[in-house]
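One letter stands for each residue in the lines below.
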Amino acid sequence: MPTAIAVTSADLALPAQDERTLPAVVLKDLDRRPLEQVLAEVVAVLETHGHLVVVHSAAVPAAVERRLRTVRSLLETDRIALFKPELPPLGVAVLARQLRQLASCDLSPGVLASAGRLLTHYVHAGALLGSVARLDRVPVDLKAHAKSWVPGSQFAVVAHPQPQLVRLAPGAALTGPEFGTWMLTARGQLQSDWVTGTLGPSWKVQGLRETALPAESPAWWGTGKLIEFCSYLPDLSVLYQLVGSVRQSSCHWCGIDVIGDRCVFCSATAPPPAQHHQLTAG
């Protein structure tokens, strides 16, 4: 019974990367539908899959995030994990698909849900922007703000893993991953070939795909004049090897196997080493 991976809108449910990628559960319009209907939908997912991991963007409406927490609270269950990675919407969609790939493997629910934090470190996410005047998720200096008002100015930005911002000009470059990746792009209201023609080759991407721009992207980036991009590890074997190489432990509170120091299902953090020794000895 594979763990279900859910997203909060259909545009975050990317097409399958390979034949083993499981479909995403789309929990759409959470803030607009009756609570009873949403509860029934989540209960049905839990009955079918046992555990549910909901991946959502920081740009999701506050009402949606509140509804998710309400549902988990009302069901009084430790089988729902809510994961909000520090990634732009396209990066969130890519990460959710990677978890959908891994959901087909022999990973326990806790390890699979914990894998999201690990895999986030290998995602490089950014955008080409027509303005940074309203960009508040990446540090922008006053000089860049002033230049953003010049007609025709464009800015290349990396939001994760390390913030970068350069004004687009001959020779402009962004530091990319030091390992082989594919790149996914999503075009908003901006016309440019820089991402596919310059950035992709400079990052030595091994493949390039395009998808529709997530609805939450303009809010996240502060403008609809953008081309969002994300480079990522596409191969299931590599993802599985990364997750499998990390030491697993059992949550001292709920007992589920996890990687990292925080249980994504019950939210308990690992106790200090001395306390952990007492717990295991007792």
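Structural data are supplied above this passage.
Residues numbered from 1 in each chain as written. Predicted model: local features only at pLDDT ≥ 70, side-chain atom pairs only at ≥ 80, totals over all residues. Heavy atoms only, no water.

Chemist: Mind laying out the pairing of strand E8 (residues 182–187), listing which residues take part and the relevant values?
Modeler: With five bridges connecting them, E8 and strand E9 (residues 207–211) associate as parallel partners. Across the sheet, the residue bridging to Ala 186 is Thr 211, located in E9. On the question of chirality, the crossover connecting E8 to the parallel E9 by way of helix H6 (residues 194–202) is right-handed. Where E8 meets strand E10 (residues 226–232), six bridges bridge the pair, whose relative direction is antiparallel. Directly across from Met 183, in E10, lies its bridge partner Ser 231. (Pairing = 2+ DSSP bridges. Helix = DSSP H or I, 4+ residues; strand = E, 2+ residues; numbered from the N terminus. Right-handed = clockwise from strand over helix to strand, strands pointing away.)

Chemist: Now, about the packing of helix H4 (residues 109–120) against helix H8 (residues 236–244): what can you tell me, with residues and values included?
Modeler: It is at 10 Å that the axes of H4 and H8 come closest, and there the two elements cross at 100 degrees. Classified by the angle their axes make, H4 and H8 are roughly perpendicular. Residue-level contacts link Val 111, Ala 115, Leu 118 and Leu 119 of H4 to Leu 239, Leu 242 and Val 243 of H8. (Axes fitted to C-alpha atoms, helices over the stretch in contact; angles between N-to-C directions. Parallel < 35°, antiparallel > 145°, perpendicular 65-115°, else oblique. Contact = heavy atoms within 4.5 Å.)

Chemist: An account of the pattern of salt bridges is needed here, citing residue identities and associated values.
Modeler: Oppositely charged side chains may form a pair once their charged atoms are brought near each other. In the structure shown here, the tally under the stated rule is five salt bridges. Linking Glu 41 and Arg 33 is a salt bridge whose minimum nitrogen-to-oxygen distance equals 2.6 Å. Arg 33 sits in the buried class, given a relative accessible area of 19%. Ionic pairing is found between Glu 65 and Lys 84, a salt bridge with its closest N-O pair at 3.1 Å. (Salt bridge = Lys/Arg side-chain N within 4 Å of Asp/Glu carboxyl O. Buried < 20%, exposed > 50% of the residue type's maximum accessible area, 1.4 Å probe, protein only.)

Distances and angles like these do not, on their own, reveal function.
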